Structures are given as C-alpha cells and as structure tokens.
Amino acid sequence: MSDGRIYNFSAGPSMMPLPVLKKAAAQMLNYEGSGMSVMEMSHRSKYYDDIINGAQDVLRRVMNIPDNYKILFMQGGATMQFSAIPLNLMVTGKADYAVTGNFARNAMKEAKKFGTVQIAATSEADNFTWVPTQEQLTLDPTADYFYFCANNTIFGTEWHYDPNAGEVPVVADMSSNILSKPVDVSKYGLIYAGAQKNMGPAGMAVVIIREDLMGHYRENMPVLLDYALTSSKNSMYNTPPTYSIYMMKLVAEWVEEMGGVEAMAKLADKRSSMLYDYLDSSKLFQGAAQKESRSRMNVTFRTGDEELDKKFIKESIEAGMSNLKGHRLVGGMRASIYNAMPVEGVEYLIDFMQKFEKNN
C-alpha cells in the first residue's frame, strides 16, 4: 500500500478507510477554523454540537433509521451493553438469548444477573461453527426481548437473515457487520455496535433503540446505563467520547460517498467470495465455519497443522500483512475484511496463500 502502510486484517481495532484518516489528519490541528483540534474541544461548544448532531444525521441517512428510533453514543464499548440491555429492557424479568459465539455467551451470562435467561438456540457443542435457522429458534412469546449477535468475529459465522420473534423486540449486537449491508431497522427493537470494527476507532458503542423501549427505570440503574437519560441529554450527560464520535461521523460520511450500505454489501460479497472460493479449492487450507453460516467480515481458516499455521502467520507479517493470527480460543488464522479493506488487500492475501501452499 502507499505511504508504507500494510494490509491490516485485525478483527478490531481494525483498518480504517484511508480517506477518513487523511481528512482527520488534515483537521487534527485546526478543525474548520476553530483554532483547535476536536480532541481539545469542549463537548458543550457550538463546534462540537454540530459534530455530534451531524454524526446522528448521517448515520440515520445511511442506515435509513426511522424517526421513532433514537441514536445514542455510549462509552464502555459493546461489552457495557451486555449489562445495559437487561437493565433497561427486562421489564418482567426474562429474555431469550441465541448463543452462537463467545460474545453472545458473555452477554447471556451478564443478563443472568438481572433476570431469567432462556437459551433460544446454541451452537456451542459444535464449537460455534454455525448459526441457527429461524425454525431452530425456541422463542418465548412472553419474553421481554430476544437477543442475538449478528456476526461472530472469533468463529467466523454470520446471521444472513433477520430473526423474527413475533411481538417480542429483537435485540442485535451488530458490532462487526454494521454498515456492511442494508438492514431494516424497523424489524429490531434495539441494535448496538462497538465502533472499533466497522465504524471507527475504539472508545464507544452506538445504540439504536425504538423510543417505546426506553424509560423502564430501576432504582438501582447506574446513571450512565439509563437509555432514557442518555437520550434526553443527547448522549452528553457527561463528557462523551468526543473524538470517537467525530471519527464515526467521518466513516459514515465516507460510506455515504461510496454509495451507501448497498455499495458496501457488494464489496463485502466480492471480498469474501474471492477468499472462500480459494479456500474451497485449496488442498492445504480449510475454512473453519460451516458454509451456510460463513461470515462476510471474518474469514476463519487453518491448515490442520499448528506448526504450519505459525509459519504462515510469521511469513505473512514479513510479506506486509498483520493480524492474521486466529483468536486464542480457536487458533488457526482469521482474515477480518471489513468495509475499509480494499479488494486489492484480499487479492494480495490470496496470492500469498497460493505461494505458501505451493511451497509447503
């Protein structure tokens, strides 16, 4: 790549669009004539008011978010939402969870602190290599919500449909595939995402919540986890993660300029199809996830030989790539190919894999 940059296949914090980084660099010392960096700016200033409102506006346009949904910018990343969701949404005290990966499992464990959790489906016995179909979900029509993680970064699986829970609100962790395809937000009660995979740098979570689901206050509710309060203060009850919000705004604007989530979906399909097609033809590498559940964002694979995997990772670094080592829970390799990864990066990886296969 230009400027001495490498192809970064990290699952998060991940590669960011080069035009976004260049714009942020150009504005670093003096944001639009303010005489200061966004990093130095008061969140109560007119300049920052325009930034945070602009971030909401562009995200609403890009994701086609209906007017009866609020957009919140919250600290604590996606993990903080494991607690915030049951605290805000468990009105009767029970919820359904689909456990299809490590983060869904962690969210389920946290929810158990606040009420009764039913496992609607789980692929844990098969090392989370698949996601359930709609017919495989066991749903309680009296649950307060149904929860699932839309893309599983560690195991390389993705839900390729919108699960239907009837009248029960659907809650989705879209941390690693948000902005990668069109989503009918009206099918969900709440969507949230940690920013550091497909929306910007680490430091915050975006929460998109239907208005009628807010306001179920508990006396023991931590003040910063109260969705209704956060909304009423425009995500500024306390000092928000100002720079992360600014960067998310730039990323969403970039997505819009590139043709929106529809264009992102076409690129995601192209990148992942290229890599999976090679894996399916390879005699050395094997994909880890079941075909019908494969993620377009995180491609997991291995050789079947731990020493050969280590050699591959070492040589990939020497070849100008980074973070292809699989998560410690599963080993092997993982190529995270989010929106910011150019098609050329996947072509470069495949060329390297072909040479590695030939030599080994």
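See the structure printed just above.
Nothing here was measured: the structure is a model prediction, and the numbers come from that model.

## Quick notes on the sheet that holds strand β11 (residues 286-287)
An order of β11-β12-β14 is seen for the 3 strands of this open sheet, with the pairing classed as antiparallel. Only two strands of the sheet have a single partner each, and these edge strands are β11 and β14 (333-336). One ladder, built from 2 bridges, connects β11 with strand β12 (residues 298-302); its direction is antiparallel. Bridged to Q286 within β12 is R302. Seen against the sheet, helix α7 (residues 260-281) touches β11, β12 and β14 and runs at an angle of roughly 15 degrees to β12.

## Observations concerning unusual backbone geometry
The peptide bond linking G12 to P13 adopts the cis configuration, its omega dihedral lying at -5 degrees. Here P13 lies in the loop between β1 (7-8) and α1 (18-26). At N323, a residue that is not glycine, the phi angle is positive and equals roughly 65 degrees.

## Things to note about the environment of W159
Of note, W159 is situated in the loop between β7 (157-158) and β8 (170-173). For the pair W159 and D140, spaced 19 residues apart in the sequence, the C-alpha separation amounts to 20 Å. Beyond its immediate sequence surroundings of up to four residues, W159 is in contact with A98, T100, V131, P132, L137, F146, F148, C149, A150 and K181. A polar contact is formed between the side chain of W159 and the backbone oxygen of C149, at a distance of 3.1 Å.

The rules behind these values
Residues numbered from 1 in each chain as written. Predicted model: local features only at pLDDT ≥ 70, side-chain atom pairs only at ≥ 80, totals over all residues. Heavy atoms only, no water. Pairing = 2+ DSSP bridges. Helix = DSSP H or I, 4+ residues; strand = E, 2+ residues; numbered from the N terminus. Contact = heavy atoms within 4.5 Å. Axes fitted to C-alpha atoms, helices over the stretch in contact; angles between N-to-C directions. Polar contact = N/O pair within 3.5 Å; in protein donor to acceptor, adjacent residues only side chain to side chain.

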